[in-house]
Amino acid sequence: MLAVLSPGQGSQKPGFLAPWLDLPGAEARLRWWSALAGVDLIHLGTGADADEIKDTARTQPLLVAAALLAAEHLPMHDVALVAGHSVGELGAAALAGVLPAEAAVTLAGVRGREMAAACALEPTGMAAVLGGDPDEVLAALRAHGLHPANRNGAGQVVAAGAVDGLDKLAAEPPARTRVIRLQVAGAFHTPYMAPAEAALAGVAAGVTASAPARILLSNLDGAPVGHGPETVQRLVRQVTAPVRWDLCMRTLADLGVTGVIELPPAGTLAGLVKRELKGEGAPEIVTLNTPADLPAARRLIARHAGPAARPSAPWFRVVVSPAAGRLTRAAEATVGVEVRAGQVLGHVAGGRGPVEVTAHDNGLLTEWLAHHADPVAPGQPLVRIGGTH
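The model shown is predicted, which means the values in this text are computed figures rather than measured ones.

Undergrad: Help me out: how do you make sense of helix α5 (residues 88-95) in this one?
TA: With eight of eight residues buried, α5 lies mostly within the body of the structure. All of the buried residues in α5 are G88, E89, L90, G91, A92, A93, A94 and L95. Against the buried residues of α5 lie β1 (2-6), α4 (56-71), β2 (81-84), α6 (101-119), β7 (215-216) and α10 (228-237). At the exit of α5 stands G97, carrying a positive phi of roughly 90 degrees.

In structure tokens, the structure reads:
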């Protein structure tokens with residue numbers, strides 16, 4: 001099975017789009033998309049310096065446009081799965097057929113402007129926490145009033161929140177970790193972005209969405225999404241919700257992905273996949289950065305596409321916490337057992353007393369995402385259930 005990935009903010013490099021303008025129709029396409037996004041995509045992708053393309057309002061539509069422009073030169077009909085990181089989800093949604101390309105670029109422009117405006121409301125930021133025990137890292141974030149905005153795989157959590165909380169985290173890092181401040185405008189994927197989410201929701205409500213034509217993974221829980229309007233709702237919700245790229249990569253492994261192409265500006269997601277999905281059965285990876293990489297990408301598609309690589313209809317559902325409190329897992333709810341819709345998988349004990357955690361579908365309990373007796377927050381992913389239709 002072949003996956004095509006669309007990168008997110010932070011992957012951009014000055015001049016990275018310049019080689020693509022030599023392809024027929026590319027410049028005209030970017031001028032049209034510039035009108036929709038409200039920014040000059042040609043200038044940003046060719047002549048702008050690093051500081052200019054670091055601006056959230058400019059970066060987000062630039063990244064979506066770059067991914068879609070490159071994908072037009074690939075045989076996407078042979079691609080079984082797409083996913084994107086953060087704003088890259090908009091590009092992935094377009095490649096899955098949920099949104100027209102024009103809608104994805106327009107929404108990226110709105111998203112970028114509104115998130116930039118939300119960043120200006122109070123001093124916030126982000127920091128990468130590398131290494132350490134995952135539970136200890138998350139506990140340290142909670143102690144300093146911070147949020148795990150991105151969970152990008154083993155040993156990499158991005159903390160986000162108020163600047164003073166980030167300062168305290170840097171001064172008192174969890175054991176065996178390194179804390180690196182990120183040069184971003186604010187605390188993306190946290191409640192600080194609530195005004196941006198509301199603004200994006202108002203625009204997205206007018207978008208007509210179709211069912212995905214191929215498997216589309218969601219950053220919210222790593223699960224495939226099969227319904228167009230639900231996809232749009234998740235894209236809006238993701239402005240304030242954590243990016244669970246770790247769960248997306250687990251789904252890539254669960255589905256047996258054998259080939260991966262990262263769209264431009266490529267490298268970041270390919271590196272994460274390479275570190276996470278290693279050993280026997282690790283996928284073959286192509287980073288598509290210039291038109292010179294297109295032949296290698298097409299050959300990869302030819303090797304990893306085909307009827308044998310296309311599952312009938314796999315699905316995963318993630319059960320989230322119904323309340324804040326401490327998780328108690330049911331003794332019979334173990335990995336590998338068949339569960340039925342409505343079955344009680346555990347309880348969350350909080351201020352309102354114990355609240356049941358129940359399965360929404362019949363299927364196989366494939367993974368617990370929280371440990372027994374862990375403190376959990378409302379909406380936090382707890383358990384994955386999967387199957388095929």
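From this point, the discussion proceeds with the structure in view.
Undergrad: For this particular structure, what's the right way to read the pattern of salt bridges?
TA: Any two side chains of opposite charge can pair, so long as their charged atoms come close to each other. Counted by the stated rule, this structure contains 12 salt bridges. Linking E72 and R29 is a salt bridge whose minimum nitrogen-to-oxygen distance equals 2.9 Å. Within this pair, whereas E72 is found in the loop between α4 and β2, its partner R29 is found in helix α1 (residues 26-37), the two being separated by 43 residues in sequence. Exposure remark for E72: the relative accessible area of 40% places this residue in the partly exposed category. Judged by relative accessible area, R29 falls into the partly exposed class, the value being 30%. Between E367 and R250 there is a salt bridge, and its shortest N-O distance comes to 2.1 Å. Within this pair, whereas E367 is found in strand β15 (residues 363-368), its partner R250 is found in helix α11 (residues 245-254), the two being separated by 117 residues in sequence. With relative accessibility at 31%, the residue R250 sits in the partly exposed group.

Parameters at a glance
Residues numbered from 1 in each chain as written. Predicted model: local features only at pLDDT ≥ 70, side-chain atom pairs only at ≥ 80, totals over all residues. Heavy atoms only, no water. Buried < 20%, exposed > 50% of the residue type's maximum accessible area, 1.4 Å probe, protein only. Helix = DSSP H or I, 4+ residues; strand = E, 2+ residues; numbered from the N terminus. Contact = heavy atoms within 4.5 Å. Salt bridge = Lys/Arg side-chain N within 4 Å of Asp/Glu carboxyl O.

On their own, these measurements won't tell you what the molecule is for.
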